Amino acid sequence: MLKQPLKALFAAIACAAALSSAHAELPVLKVGATPTAVPFNFLDPRTNTLKGVMIDVAEAVGKEVGFKADVVAVPFASLVPALQTNKISLISSAFAKTPARAEVVDFSDVVVEYGESLIVPSKDMTPYQRFADLKGKVVGVQIGTAYVEPLQSVSGLKELKMYETMADMMRDISLGRLDAAFGDGPVLAYQLQASGSKDVRIVTTYRSVVPTRIALAVRKGDADSLRKINAAIVTLKANGALDGILKKWGVVS
């Protein structure tokens, strides 16, 4: 467990940079990511390691700033508590930058932005376009996502069910337990393609209304660390490294 503040670690990074690069060993930074958001962050069963867009981003930022990213699996709802209690020092996950979260953590510049997608049973060919079109339906949404509150305000839904993972929502649509479900566009597209399911489809007529802006997060008030991370993100965008990571995982922002 990393107990020292993140700013102390970055101070150590600065000292290490003054040493010979041939002999200096990079300091290790504990980075939290959820293991259930393919392709952004997920547990590869073949290697039992976390992989995905935000894992690659954390490692790329680490190379620019001067730390080695030790990525650990943290449940989505535990990301902020883990950061606040020093169990991790950085969040690099499918973690959206929202005003509410910005009150308890400090966010970096946006890494990637996308919208939500709607999935329904393949046999349902209704051209849904907005939340209101789902009146009378049983709708699923993942706990902790930015889509929960907007959906809770939709009048006329038969039921709004909460799920731990998007895979669970896709399963219940296949089994007829859900009429529809919402989730991160790139994640749903990737999981649907990977599953090869013919029972679920993405509604191409649906118009996204909840923009999701994914960013890194540090503890509140750590401006110095945030400045270094933002500088690294600027570099990764300018040199094409970030675009390369997104292309590798099939993410179109």
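This is a predicted model, so every value here is computed, not measured.

Asker: Looking at this model, I keep getting lost on the environment of Ala181. Mind explaining?
Answerer: Relative to the helices and strands, Ala181 is located in strand E11 (residues 180–184). The spacing of Ala181 and Leu157 is 24 residues in sequence and 12 Å in space, taken between C-alpha atoms. In this structure Ala181 touches Ser117, Leu118, Ile119, Val139, Gly140, Met169 and Ile173, once residues within four positions along its chain are discounted.

Asker: Is there a simple way to think about the sheet that holds strand E4 (residues 49–51) in this case?
Answerer: The strands that make up a sheet pair up through hydrogen bonds in the backbone, lying either parallel or antiparallel. Strand order in the open sheet formed by three strands is E2-E3-E4, and the pairing between neighbours is antiparallel. Single-partner strands in this sheet number two, and they are strand E2 (36–37) and E4. Taken together, the three bridges between strand E3 (residues 41–44) and E4 define a ladder with antiparallel strand orientation. Across the sheet, residue Phe42 finds its bridge partner in E4, namely Lys51.

Asker: How should the packing of aromatic side chains be read in this particular structure?
Answerer: Any pair of aromatic rings gets described here by the distance separating the centres and the angle formed by the planes. Tallied over the entire structure, the rule returns seven aromatic pairs. Centre to centre, the rings of Phe131 and Tyr206 are 6.3 Å apart; their planes meet at 25°, and the pair counts as stacked. One end of the pair, Phe131, is in the loop between strand E8 (116–121) and strand E9 (138–142); the other, Tyr206, is in the loop between strand E12 (200–202) and strand E13 (212–219), and 75 residues separate them in sequence. Summarising the burial analysis for this pair, Phe131 and Tyr206 share the class buried.

Rules behind the numbers
- Residues numbered from 1 in each chain as written.
- Predicted model: local features only at pLDDT ≥ 70, side-chain atom pairs only at ≥ 80, totals over all residues.
- Heavy atoms only, no water.
- Helix = DSSP H or I, 4+ residues; strand = E, 2+ residues; numbered from the N terminus.
- Contact = heavy atoms within 4.5 Å.
- Pairing = 2+ DSSP bridges.
- Phe/Tyr/Trp six-rings, centres within 6.5 Å; stacked < 30°, edge-to-face > 60°.
- Buried < 20%, exposed > 50% of the residue type's maximum accessible area, 1.4 Å probe, protein only.

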